[in-house]
Amino acid sequence: MTSITLEHVSKAFEAPFGSDKPIPAVQNVSLKVTSGDILGILGPSGCGKSTLLRLIAGLHAPDSGRVLYDDVDLKDVPLRERGVGMVFQEGALIPHWESRKSVGFFLSLRKRDVEIPEKLKRISKITGIGLNQLLERKPRQLSGGEQQRVSIARALARDLKILLFDEPFSNLDAKYRHEARVELKRLLNEFPVTSVYVTHDQVEAVALSHRIAIMREGQIEQVGTYHQLYTSPHNLFVATFLGQQPINLFQGFVIDAHWRGVNFAGFPMRRDLEEGSKVTLGIRPEHVRLDEGGVECKVDEVVPYLAERYQHVTVHAPGERFTLHVPLDHPVKRGDTLRCSLDPDEILLFDASAGTRIG
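Now for a look at the structure at hand. Just so you know, these numbers come straight off a predicted model, no measurement behind them.

Another point: the pairing of strand β12 (residues 258-261). Residues Trp259 and Gly261 point to one face of β12 and are all buried, whereas His258 and Arg260, pointing to the other face, are not buried. Sheet topology places strand β11 (residues 248-255) next to β12; four bridges connect them, and they run antiparallel. Paired with Gly252 across the bridge in β12 is Gly261. Here β11 hands over to β12 after two residues, with Asp256 in that stretch at a positive phi of 55°. When β12 meets strand β13 (residues 265-268), the two strands line up antiparallel, connected through three bridges.

This is the structure:
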């Protein structure tokens, strides 16, 4: 396996017609993916995720900075020695080839055809799918999910050092995405290889990755485990981007080293903050509590999550709306009055102007 290091890497593309300004895609990114690590890259559309992956693969050359494989500049590593496999969003299979030929192409090219049957047998056994029944078909005879199965088998059938995924399951329906994630996880456990996985799906990133990098506008905002990013975001962007349900945000200010908002107040803060400074308080819905002594609010909407055993409840108090989780066995309906408070141990405070975390 190979480690991947990015040192101050930047990449821009040609200016569109009528403009003289190049379009920045990746800006001064430094990143380390250790040997055997699986790094997920999350971010909104157009943030530079796929460009970053192509820089790692060597499909694009950086305008500045370096991409290193095991501390050797990628441009100095011969193509045949890079050991990179890549799975694209569309599968990218040769349209006039049967799947068997696509999967075995790397080994055939190196006169190692004898290894192909055993490789396919092993992959099929691990995933629990009947890969053999797909191998005689051409891409047009395969569903989207079947094409991706063949694409992943093709990548794993070669001598891999690095495996790269560019949103491979984004075009599949929810049921197959779940099945595909399980299959791929089994394969990555059986064939451990340094991997980078670009996705917009948080569930996918959590299920498959050891660590996650959050990107915005060509830059890495934060890298860590999902738990680290979720519970201790560095800034408002990471806090609002992560989470199956949006974080609650309350606007307030500093008064006598305490935070005060429209409905909630009294949370201690650092004493070096300027009096009256605007501060945004963030708290996840699961940390808003039902409390007889809390703020009175009216229920606007109730959405039950049966498997998770809670109700996602939207409420409003004077000037503010927010959400909380209420146990399934607690009756609640639209128009009810609840009293709520915030768990002081779970609040997150951010500079309202810069969006940076206040410790």
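Right, let's talk about the pairing of strand β1 (residues 4-13) for a bit. Sheet topology places β1 next to strand β4 (residues 64-69); five bridges connect them, and they run antiparallel. Its bridge partner being in β4, Glu7 is matched across the sheet by Arg66. Relative to strand β2 (residues 23-33), β1 runs antiparallel, the two sharing seven bridges. For Thr5, the partnering residue across the bridge sits in β2 and is Lys32.

Strand order in the open sheet formed by four strands is β2-β1-β4-β5, with antiparallel pairing between adjacent strands. Taken across any chain shown, the strands that pair with only one partner, and hence form the sheet edges, are β2 and β5 (72-73). Of the strands in this sheet, β1, β2 and β4 are in contact with helix α1 (residues 49-57), which crosses β1 at around 120°.

As enumerated under the stated definition, the model contains 13 salt bridges in all. Between Glu204 and Arg181 there is a salt bridge; the shortest N-O distance is 3.9 Å. Of the two residues, Glu204 sits in helix α6 (residues 202-208) while Arg181 sits in helix α5 (residues 174-190), which places them 23 residues apart along the sequence. Each member of the pair Glu204 and Arg181 is classed as buried. With a shortest N-O distance of 3.2 Å, Lys333 and Asp336 are connected by a salt bridge. Through salt bridges that share partners, Arg177, Arg181, Asp201 and Glu204 make up one connected network.

Where empty space is left becomes clear once a probe the size of a water molecule has been rolled over the atoms. Of the pockets and cavities examined, the second largest pocket occupies roughly 200 Å³. As for the second largest pocket, its lining consists of Tyr226, Tyr230, Gly243, Gln244, Gln245, Pro285, Glu286, Tyr305, Glu308, Tyr310 and His325. Each residue belonging to the lining of the second largest pocket can be placed in one class, and the counts come to five nonpolar, four polar and two charged.

Time to look at the sheet that holds strand β3 (residues 38-42). Pairing in this open sheet of six strands is mixed, and the strands run β6-β7-β8-β3-β9-β10 from one edge to the other. For this open sheet the edge positions go to β6 (84-87) and β10 (219-224), each flanked by a neighbour on one side alone. On average, each strand axis in the sheet is inclined to that of its neighbour by 20°, with strand direction left out of account. With five bridges connecting them, strand β7 (residues 162-166) and strand β8 (residues 194-198) associate as parallel partners. Note that in β8 the partner of Leu163 across the bridge is Ser195.

With respect to the helices and strands, Lys49 occurs in helix α1. Residue class for Lys49 comes out buried when judged on its relative accessible area of 5%. Here the alpha-carbon distance between Lys49 and Ala213, two residues 164 residues apart in the chain, equals 9.8 Å. With sequence-adjacent residues up to four places away left out, Lys49 is seen in contact with Ile41, Leu42, Gly43, Pro44, Glu167, Val198, Thr199 and Met215. Among the polar contacts listed, one links the side chain of Lys49 to the backbone oxygen of Gly43, at a separation of 2.9 Å.

Relative placement of two packed helices is described by the angle separating their axes and the distance separating the axes. For the pair helix α4 (residues 144-156) and α5, the least separation of the axes is 11 Å and the interaxial angle reads 10°. As summarised for this structure, α4 and α5 are arranged roughly parallel, according to the angle between their axes. Considering the relative orientation of α4 and α5, their crossing is right-handed. Contacts between α4 and α5 involve Gly145, Arg149, Ile152 and Leu156 from the first element and Tyr176, Glu183, Leu184 and Leu187 from the second.

What follows covers the environment of Leu160. The topology assignment puts Leu160 in the loop between α4 and β7. Residues Leu160 and Val72 lie 88 residues apart in sequence; the distance between their C-alpha atoms is 17 Å. Apart from residues no more than four positions distant in its own chain, Leu160 is found in contact with Gly83, Val84, Gly85, Ala155 and Val193.

Before going further, it helps to spend a moment on the packing of aromatic side chains. Inspection of every chain in the model, using the stated rule, returns eight aromatic pairs. Seen from their ring centres, Tyr226 and Tyr230 are 5.7 Å apart, and the 20° between their planes marks the pair as stacked. With Tyr226 and Tyr230 both in helix α7 (residues 226-231), this residue pair falls four residues apart, about one helical turn. Note on Tyr226: relative accessible area 21%, which makes it partly exposed. Given the relative accessible area of 18%, Tyr230 is considered buried. Note on Tyr305 and Tyr310: the rings are 5.2 Å apart at their centroids and 20° apart in plane angle, and the pair reads as stacked. Put simply, the rings of Phe250, Phe264 and Phe322 pair up and form one aromatic cluster. We note Arg284 situated over the ring of Tyr230; from NZ or CZ to the ring centre the distance is 4.0 Å.

What counts as what
Residues numbered from 1 in each chain as written. Predicted model: local features only at pLDDT ≥ 70, side-chain atom pairs only at ≥ 80, totals over all residues. Heavy atoms only, no water. Buried < 20%, exposed > 50% of the residue type's maximum accessible area, 1.4 Å probe, protein only. Helix = DSSP H or I, 4+ residues; strand = E, 2+ residues; numbered from the N terminus. Pairing = 2+ DSSP bridges. Contact = heavy atoms within 4.5 Å. Axes fitted to C-alpha atoms, helices over the stretch in contact; angles between N-to-C directions. Salt bridge = Lys/Arg side-chain N within 4 Å of Asp/Glu carboxyl O. 1 Å grid on protein atoms, 1.4 Å probe; cavity = no way out; pocket = protein on both sides within 12 Å on 5 of 7 lines; lining within 4 Å. Points joined across faces, edges and corners; volume = space filled by probe spheres on them. Nonpolar A, V, L, I, M, F, W, Y, C, P; charged D, E, K, R; others polar. Polar contact = N/O pair within 3.5 Å; in protein donor to acceptor, adjacent residues only side chain to side chain. Parallel < 35°, antiparallel > 145°, perpendicular 65-115°, else oblique. Left-handed = near helix turned anticlockwise from the far one by under 90°. Phe/Tyr/Trp six-rings, centres within 6.5 Å; stacked < 30°, edge-to-face > 60°. Lys NZ or Arg CZ within 6 Å of the ring centre and 35° of its normal.

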